[in-house]
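Structure assessment
Now for the letters of each chain:
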Amino acid sequence: MNTEFRFGKKRFYDDQRFKRGFSKSGEFTLLESELLSLYGETMKALDCGEIMPENPEEQHFLLVCSQQLAAESKLEKVWMKYKRLTQSRRAFHTLNSRCKAASYEGEDESQDESFISDDD
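Residues numbered from 1 in each chain as written. Predicted model: local features only at pLDDT ≥ 70, side-chain atom pairs only at ≥ 80, totals over all residues. Heavy atoms only, no water.

Structural notes on the overall build of the chain
Along the backbone of the chain there are 4 helices and 0 strands. Counted from the first residue to the last, the chain has its helices and strands arranged as α-α-α-α. Within the chain, the fraction of its 120 residues that count as buried is 28%. Taking the intrachain contacts of the chain between residues at least 6 apart in sequence as the baseline, contacts between residues at least 24 apart amount to 61%. (Helix = DSSP H or I, 4+ residues; strand = E, 2+ residues; numbered from the N terminus. Buried < 20%, exposed > 50% of the residue type's maximum accessible area, 1.4 Å probe, protein only. Contact = heavy atoms within 4.5 Å.)

Here you go:
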């Protein structure tokens, strides 16, 4: 990949949201997780305004982050995917059900006494 984008000074991790790493989260491909690890620190700093862009590619990245332009490069796409995953709530699905049958909710216990017989 030919890019003018700066590498981060250290590898980028998000232990708060991706405790097992990007590659084991199931959300990112191996290439995407490697791009996030290598360039994520720079992308985060640019997005937050901590550093200024040094080249046209980084300036385009800022326009994508502010949603003025659509993502074109792999770095822009993976960063927008990362932001979408970290800023939205994850859906949680379960196989358990807590539904009760409608006939049991409103039944009165006195109705059960009709089944008791007085056979002596």
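Once you've had a look at it, read on.
Looking at the confidence of the model for the chain
Residues with a pLDDT of 70 or more make up 74% of the chain, whose mean pLDDT is 81. By mean pLDDT, helix H4 (residues 102-105) is the weakest element of the chain at 54, and helix H2 (residues 56-65) is the strongest at 93. (pLDDT = per-residue confidence, 0-100.)

Some details on the pattern of salt bridges
Counted under the stated rule, the structure contains 5 salt bridges. Put simply, Arg6 and Glu58 hold a salt bridge, and the shortest N to O gap is 2.9 Å. Taken together, the residues Arg6 in the segment before helix H1 (30-48) and Glu58 in helix H2 connect sequence positions 52 residues apart. Taking relative accessible area as the criterion, Arg6 reaches 23% and is therefore assigned partly exposed. (Salt bridge = Lys/Arg side-chain N within 4 Å of Asp/Glu carboxyl O.)

Overview of the nonpolar core
Core analysis: the biggest nonpolar cluster contains 17 residues, and Phe28, Leu36, Met43, Trp79 and Tyr82 have the highest contact counts within it. When contributions to this core are tallied by element, the ones reaching two or more residues are H1, H2 and helix H3 (74-87). Excluding its chain neighbours within four sequence positions, the residues that come into contact with Tyr82 are Phe12, Asp14, Phe18, Phe22, Phe28 and Leu36. (Core = buried A, V, L, I, M, F, W, Y, C linked by side-chain atoms within 4.5 Å.)

Section: unusual backbone geometry
Here the phi dihedral of Gln67 falls at roughly 60°; this positive angle occurs in a residue that is not glycine. For Gln67, a relative accessible area of 64% translates into the label exposed.

Overview of H3
For H3, which comprises 14 residues, the first-to-last C-alpha distance of 20 Å matches the rise-based estimate of 20 Å (1.5 Å per residue) to within 8%. Within the sequence span of H3, burial applies to Leu75, Glu76, Val78, Trp79, Lys81, Tyr82, Lys83, Leu85 and Thr86. On its buried face, H3 is in contact with H1 and H2. (Expected span 1.5 Å × (residues − 1).)

A closer look at H2
Buried within H2 we find Glu58, Phe61, Val64 and Cys65. The buried residues of H2 occupy one face: seen down the axis, they fall within an arc of 110°. Residues of H2 that are buried in the fold lie against H1 and H3. With a side-chain oxygen lying 3.1 Å from the backbone nitrogen of Glu57, the N-terminal cap of H2 falls on Asn55. One or two residues past the end of H2 sits Gln67, with phi positive at roughly 60°. (Arc of directions from axis to C-beta. Polar contact = N/O pair within 3.5 Å; in protein donor to acceptor, adjacent residues only side chain to side chain.)

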